[in-house]
Amino acid sequence: MPTAPEARIINEAKRYKSTLARAICNPFWDDAPQQEPNAHYPADKADVSGSSVAEATVCAVCLLSFIRSLYEKHPVVVTKDGVAIPVGNIWKEKQLSSILFEREELSLKKYITTRFSGGELDFSLIDDTYGFSLVDNENQNEFIDSFCKFEELDWIAIAMNNGLDYKTYNKNKKSKRYFSDDLWKKGIKKFRITKRNRCFGYLENGIFYVLRFDFEHELSDVG
């Protein structure tokens, strides 16, 4: 909290308070506003002219909304001269990465590793040769949807989910070459991305470490 005693001595907290005070007391758009002074900018039937919402619309930048506010949604749609303009709005954790990905300003790998960090999926060990570089625009949403489903469930539900088909990947003469002996000892698992695509990794301390994807059912056919 900005008012906590620690905020007076921690440098990061002091800088945050200073930046927040400047934004509240003297918003930057007051100095050199880009919005047309006589134009109207309605959003959800309210006139937001002269506000940060209108300024973000004109400057094509994102809003940052605090809870509780009138703008707990993404995007905020502002109308100017009869044209509806969607404005990116950050109001919950990790939403910035989603907005940047929508705008194609963030790679799929960076988006997914950021979006799912701190949860049940970890992509830090993925083999780039069999990883995100092989995911194209046609199937990237299927990967994201599958990871979202994985994240929303607990481990009991994951094990029972028919869509994910989470199971052990068996080591044999044909499959052993795909992973090192150390990784096999951890217990290789797999789950379904699409009818054909699979995700492989291992489970440790409640986290699934993703190692590679299988796009041609090559691994699944032999294990």
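Keep in mind that what you see is a predicted model, and the values were worked out from it rather than measured.

Chemist: With reference to specific residues and values, describe the packing of aromatic side chains.
Modeler: Under the criterion given, the structure shown has 25 aromatic pairs. A ring pair is formed by F123 and F147, whose centres lie 5.1 Å apart and whose planes are at 65°; its orientation type is edge-to-face. In this pair, F123 is assigned in the loop between β7 (121–122) and α5 (140–152) and F147 in helix α5, connecting sequence segments 24 residues apart. Judged by its relative accessible area of 0%, F147 falls in the buried class. Measuring from ring centre to ring centre gives 5.5 Å for F132 and F213, while their planes differ by 80°; the resulting arrangement is edge-to-face. Of this pair, F132 sits in the loop between β7 and α5 while F213 sits in strand β11 (residues 207–214), and the two are 81 residues apart along the sequence. Through successive ring pairs, a cluster of aromatic residues spans F116, F123, F132, F143, F147, F150, W155, Y166, F191, F208, F213 and F215. One Lys or Arg, R115, reaches over the ring of F116 and ends 4.7 Å from the middle of that ring.

Chemist: Go over the sheet that holds β11, please, and point to the residues and values.
Modeler: An order of β7-β11-β10-β9-β8 is seen for the five strands of this open sheet, with the pairing classed as mixed. Lying at the two open borders of the sheet, with one neighbouring strand each, are β7 and β8 (167–168). Across two bridges, the pairing between β8 and strand β9 (residues 188–192) is antiparallel. Across the sheet, T168 pairs through a bridge with K189, a residue of β9. Taken strand by strand, α5 contacts β7, β9, β10 (198–204) and β11, and its axis lies near 115° from that of β9.

Chemist: Mind laying out unusual backbone geometry, listing which residues take part and the relevant values?
Modeler: At A60, a residue that is not glycine, the phi angle is positive and equals roughly 55°. Here A60 lies in the loop between α2 (52–59) and β3 (63–64).

Chemist: If you had to explain the environment of T129 to someone new, which residues and values would you point to?
Modeler: Mapped onto the fold, T129 is located in the loop between β7 and α5. Placed 84 residues apart in sequence, T129 and F213 show a C-alpha to C-alpha distance of 9.5 Å.

Cut-offs and rules
- Residues numbered from 1 in each chain as written.
- Predicted model: local features only at pLDDT ≥ 70, side-chain atom pairs only at ≥ 80, totals over all residues.
- Heavy atoms only, no water.
- Phe/Tyr/Trp six-rings, centres within 6.5 Å; stacked < 30°, edge-to-face > 60°.
- Helix = DSSP H or I, 4+ residues; strand = E, 2+ residues; numbered from the N terminus.
- Buried < 20%, exposed > 50% of the residue type's maximum accessible area, 1.4 Å probe, protein only.
- Lys NZ or Arg CZ within 6 Å of the ring centre and 35° of its normal.
- Pairing = 2+ DSSP bridges.
- Contact = heavy atoms within 4.5 Å.
- Axes fitted to C-alpha atoms, helices over the stretch in contact; angles between N-to-C directions.

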